[in-house]
Amino acid sequence: MCAVLALVVGCSMESPPEKPELGDARAGAVVQDANFADSVFVGGLSGPTTMTFAPDGRLFVSEKNGSLRIVQNGQLLATPFLTLAVDTGNERGLMGVAFDPNFASNNHLYVYYTSVAGSIHNRVSRFTANGNVVVPGSELVLADLPTLDAANHNGGAVRFGLDGKLYVSVGENAVSSNSQSLNTPLGKMLRFNSDGTIPTDNPFYATATGLAKATWAMGLRNPFTFDVQPGTGILFINDVGEGGWEEINRGVAGANYGWPMTEGYFTNRPGLTPPFFAYPHGSGTAFGNCIAGGAFYNPPVSAFPSAYVGQYFYADFTNDWISRINPSTGATSLFATTVPGPVDLDVGPDGALYYLARNAGQVGRIAYTASLPPSIAQQPASTLVSVGTPATFTVSASGEPPLTYRWQRNGVDIAGATSTSYVLNAAQLADNGARFRVVVTNGIGSATSTEAVLTVTSNKPPVATIVTPAVGATYTAATDLLFSGSASDLEDGALPPSAMTWSIAFHHDTHTHPAMPDTTDITSGSWPIPNIGESSANVWYRLALTVRDSIGLTHTVYRDIHPITVPLRVTSVPSGLQVLMDGQPFAAPHDTTGVVGVMRSVGAESPQYSNGKFYAFSSWSDGGARIHAFTTPASAATYTATFTETSGGSCYQIQSERSDKWLTVDVAGKVVAGSATQAGGQIFQLVPNGAKYKLKGSGDAFLTVVTNQLAMSANFASGESFTQIPCGFGARTRVGFQASAGSAPHWKETTPDGPIQSGDGGNGGACNPADAGTWEGFYLEPVSCPGGGTGPVCGNGTVESGEQCDDGNTQPGDGCDATCRIETSAAGCFRIQSERSDNWLTVDGAGKVAAISTTQAGGAVFELVTSGTKYKLKGASGAYVAVVADQLTVNATLSTAEPFTRHACGVHGGRNRHGFEASTGTARNWKENTLAAPIQSGNAGNGGICNPADAGSWEGFYLEPATCPGA
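Rules used throughout
Residues numbered from 1 in each chain as written. Predicted model: local features only at pLDDT ≥ 70, side-chain atom pairs only at ≥ 80, totals over all residues. Heavy atoms only, no water. Helix = DSSP H or I, 4+ residues; strand = E, 2+ residues; numbered from the N terminus. Buried < 20%, exposed > 50% of the residue type's maximum accessible area, 1.4 Å probe, protein only. Contact = heavy atoms within 4.5 Å. Phe/Tyr/Trp six-rings, centres within 6.5 Å; stacked < 30°, edge-to-face > 60°. Lys NZ or Arg CZ within 6 Å of the ring centre and 35° of its normal. Pairing = 2+ DSSP bridges. Axes fitted to C-alpha atoms, helices over the stretch in contact; angles between N-to-C directions. Disulfide = S-S within 2.5 Å. Salt bridge = Lys/Arg side-chain N within 4 Å of Asp/Glu carboxyl O. Core = buried A, V, L, I, M, F, W, Y, C linked by side-chain atoms within 4.5 Å. pLDDT = per-residue confidence, 0-100.

Assigned secondary structure in the protein consists of one helix and 78 strands. Reported as C-alpha extents along the three principal axes, the dimensions of the protein are approximately 110 × 75 × 60 Å. Counting only residues that meet the buried cut, the protein has 53% of its 967 residues in that class. Sequence separation of at least 24 residues holds for 58% of the intrachain contacts in the protein that already meet a minimum separation of 6.

What follows is the structure, given as structure tokens:
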């Protein structure tokens, strides 16, 4: 946004242009349907942020500086309704207003603003109206939010729901972890009673602390705007994104929208609610960078065609468009373009769509104009220019299209002047006093604008000069940006400080955030550069100085100050585990760039599961806590999280109390009580995850809830965390499992032999031994985890697959102590040729390994990964080789892959010849049993070791070194 027009949205827009010496010409919205027309409803606003229609039809507009303005009968009233003392730094200020449902009788309205009372913090207050002014002393403070750290991500919208409760959207204040914490109201949608008390039926009332008990939904980044649909109560939340997506989230009590773990669309994340709609960052009308307005089209009397009724209009501030979406189907349609910086939308009592144009300081009105004569909303403005410079006059009109424009000078038509604007390219002294107007015509009638007078002066514009900072200056965070300058004028000489206005804008990539607002009457000063807020490195500050001479001519100059940056790396030991950078998850190692002095944070989730093993966080290389902040240093730095392998938890088979059957997994991946014998039951590993548990099944599959049914379809990160509830019944371990969300979250065998239900399809109460109809009781029977014990643990005294002892010995029973390490090396990559057919092994369409390539180049590349004294074979796709129905198949993970013994069979025909032996079966050696058919192993391979004299065995293979994929 323009440096002199600081906004409270916390989003982005194009870099500001040089300020013109003339009044800005408004570029009106272009509506896609020609039966609609855009016009200026009212102008003259200073830094508008949000707007709301009062029940009596007046329009209330919030200005960033703390003024709440009233538009009545199409006129902006000179006296503000109220003026609040607010902090206007960066994205702070007056940000929201809502009217009590009973406003007609109690005159109550509610505002959200950045208070300077005590600490700087955001506040929600109720005021009482007396006509067009506030009742003095009527402020009732409903909520004082926490003291602000960063100056951005404030949220700030307030609306009443159909339940009569006050809903308030609050940003996470640029600290992403706030969104997931129930110890703070930041990053949430809050819900209050109209007197500021917190409803006890709020979904997190019992588990949250303090003001966070007002949390109605969580996991939001910067929900600057939202709206409630009349009649249905549907609530849509517009959440401003970070790196890639802007979201519309359907408001649901108890929902967690996932920030900072997710952004935009996602699947298979139990406990998190994906957006109803999201659009990606970028340029153009299908993309954007800042969703900053939304309104349901449900006026008391519709003035739009029926196809628009019930639609949700939303706007993007940076790309200047308005679109609409069907709340039932999700179908979207572009509505208008070239909207000058829309920050809010509202539907008026007349059925027109109103938008708040931040960049123009105006409220625009889009109306359905079929069968209407022309109407002029924005009149051309009188203009002062210096001789030789252009003068521009602009009009905004509506009416049934097409509209034609005919500009006149002193009452005479100007040839070729037939657009919404007329530009006199180089005004001369002879043009002084000329009068300009426009006649607008359509097929129904015409309208003539008022006349604008052109004043041309021989005076030259003043000259602004920035002395400091110097060109090419740099900065580090948590320091002061010092500035100074001068102003002169050919006619006036040296201009006083009162003629100088300074401002600072914070640029991020191709868009900006506001920093220091307009500051007048100084020749020098300083502004503290914050060290919290935006963590990206593609940022800089733009200092602007505007000077004005005695007759009103202006000149603006700019100076850009760029940051000093350093490379940062976050990694893990062992490599590849998940780390958090500024609250967002990444696979280690993760590289980024930081601005020196900016506060960042690193973190590590614990426990984690990777490559068939469980890991617990141990320490950070800088000695910090598991999640901790750090100041970006002056030189490159690496932060390493060290993990230790853990058992992961004990293993059980689980019996349903209802049917006495044991839980197993059906062909659809659903968990059912389907085995009459314990031996046939699925083995589940209960993995502690804080006070809850995740349940691991075979391979890398974890248990989750899919459409209210238990399913083995998740990974560790997306697996559901269940609470285990001891139920006590007889002499056996009887428990219930409770999912994290849903109205009936306890497991329940609703139908014998059917999938176990949970979430909204399970049981709503705790387990009760006297209530057999609940069927949420399950018995846990301890069993050995697959592979013995509770899973491989380095230092448990046994050398297991993928482990290496400190003495280099890899033999079982060696007594591995705590210095055992996890092997991560590979024995290299090879192409493999069958001795029988001389063809090279490759992978067919069914994932089977067969000797079917006649050329070496066509053979598949296999990586031999060490696994104790054996090897696992990894294909180019990343999948590993296993033995399925006695055939080599590339479909396994590292943990489920077959470990093969590689036998050196000696030189044969001048080449090294090998055999591979599976770990089980009566004929375990590889064998090309049938030409061009899958290689056999297990019970269909060869029973003996390779023998160069035994050509009939065909278990010989030649290995030819190859470059590994990606190497």
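Moving on: the packing of aromatic side chains. Considering all chains together, one arrives at 49 aromatic pairs under this definition. Between Tyr475 and Tyr541, the aromatic rings sit 5.1 Å apart at their centres with planes inclined by 70°, giving edge-to-face as the arrangement. Note that Tyr475 is positioned in strand β39 (residues 474–475) and Tyr541 in strand β46 (residues 539–548), a separation of 66 residues in sequence. Residue classification places Tyr541 among the buried positions, given a relative accessible area of 4%. Through successive ring pairs, a cluster of aromatic residues spans Phe36, Tyr297, Phe304, Tyr308, Phe313, Phe335 and Tyr368. The residue whose ring lies beneath Arg250 is Phe276, and the NZ or CZ to ring-centre distance is 5.0 Å. Between the NZ or CZ atom of Arg542 and the centre of the ring of Tyr558, over which it lies, the distance is 5.5 Å.

The omega torsion across Thr468 and Pro469 is 0°, close enough to zero to call that bond cis. By secondary structure assignment, the location of Pro469 is in the loop between β38 (463–468) and β39. Along the chain, Val573 connects to Pro574 via a cis peptide bond; the corresponding omega equals 0°. Of note, His153 is a non-glycine position whose phi angle comes to about 60°, a positive value.

Here we take up the sheet that holds strand β2 (residues 36–42). Here we have four strands laid out as an open sheet, ordered β2-β27-β26-β25, and antiparallel in their pairing. The sheet is open, and its two edges are formed by β2 and β25 (342–347), each paired on a single side. Mean inter-strand twist for the sheet, computed between neighbouring axes without regard to direction, equals 25°.

A separate point is the environment of Pro530. In this fold, Pro530 is placed in the loop between β45 (524–528) and β46. For Pro530, a relative accessible area of 34% translates into the label partly exposed. Expressed as a C-alpha distance, the spacing of Pro530 and Lys870, which sit 340 residues apart in the sequence, is 56 Å. Leaving out residues up to four positions away in the same chain, Pro530 has contacts with Ala477, Ala478 and Tyr541.

Attention shifts here to the sheet that holds strand β51 (residues 590–595). The mixed open sheet is built from five strands, whose spatial order is β51-β48-β56-β54-β53. The open sheet has two free edges, formed respectively by β51 and β53 (608–610), since each of these has just one partner strand. Across the sheet, the axes of successive neighbouring strands diverge by a mean angle of 35°, strand direction being ignored. Sheet topology places strand β48 (residues 565–573) next to strand β56 (residues 637–646); six bridges connect them, and they run parallel. When the sheet's bridge partners are listed, Leu568 is paired in β56 with Ala637.

Another point: the state of the cysteines. Summed over the entire model, instances satisfying the criterion amount to two disulfides. Each disulfide pairs two cysteine sulfurs, and for Cys829 the partner residue is Cys964, the sulfurs being separated by 2.0 Å. Disulfide Cys829 to Cys964: torsion about the S-S bond roughly 105°, handedness right-handed. Separated by 135 residues along the polypeptide, Cys829 in strand β69 (residues 826–834) and Cys964 in the segment after β78 (957–962) bring together distant segments of the chain.

This part covers the pattern of salt bridges. Within this structure, the stated rule accounts for 20 salt bridges. Note that Arg569 and Asp591 form a salt bridge whose closest N and O atoms lie 2.7 Å from each other. A residue pair is termed long-range when its members are at least 10 positions apart, and Arg569 in strand β48 and Asp591 in strand β51 qualify at 22 residues. The salt bridge involving Arg600 is made with Asp582; its shortest N-O contact spans 2.7 Å. With Arg600 in strand β52 (residues 599–603) and Asp582 in the loop between β49 (578–581) and β50 (584–587), this pair connects stretches of sequence that are 18 residues apart. Because the salt bridges share partners, they merge into one network encompassing Arg123, Glu139 and Asp144.

Bridge count for strand β32 (residues 404–409) against strand β35 (residues 435–441) is six bridges, and the pairing is antiparallel. In the strand pairing of β35, Tyr405 is matched with Val440. Here two bridges tie β35 to strand β37 (residues 452–457), and the two strands are oriented antiparallel to one another. Paired with Phe436 across the two strands is Ala452, which belongs to β37. Where β35 and strand β36 (residues 446–448) come together, three bridges link them in antiparallel fashion.

Attention shifts here to the nonpolar core. Core analysis: the largest hydrophobic core is formed by 28 residues, its most contacted members being Tyr475, Trp502, Ile504, Tyr541 and Leu545. Those elements that provide at least two residues to this core are β38, β40 (480–489), β42 (500–508), β46 and β47 (554–563). Counting residues per element, this core draws most heavily on β46, which supplies five residues.

Let's shift gears to the environment of Thr285. When you line up the elements, Thr285 lands in the loop between β20 (277–280) and β21 (291–296). A sequence separation of 266 residues divides Thr285 from Ile551, and the C-alpha atoms of the two residues are 41 Å apart.

Next up on the list: the side chain of Thr640. If you trace the backbone, Thr640 turns up in strand β56. The exposure class assigned to Thr640 is buried, which follows from its relative accessible area of 17%. Once you skip the residues sitting within four places of it in the chain, Thr640 turns out to touch Thr571, Ser572, Val573, Ser619, Trp620 and Ser621.

This part covers the confidence of the model for the protein. Per-residue confidence for the protein gives a mean pLDDT of 88, with 90% of residues at or over 70. Every residue in residues 1–10 is under pLDDT 50, and counting partners more than four places away or in other chains gives 53 contacts. Across residues 789–825, where pLDDT falls below 50, the model places 78 contacts with residues more than four positions away in sequence or in other chains.

It is worth spelling out the environment of Asp492 at this point. Among the secondary structure elements, Asp492 is positioned in the loop between β40 and β41 (493–494). A sequence separation of 121 residues divides Asp492 from Ser371, and the C-alpha atoms of the two residues are 55 Å apart. Aside from chain neighbours lying at most four places away, what touches Asp492 is Asp549 and Ser550.

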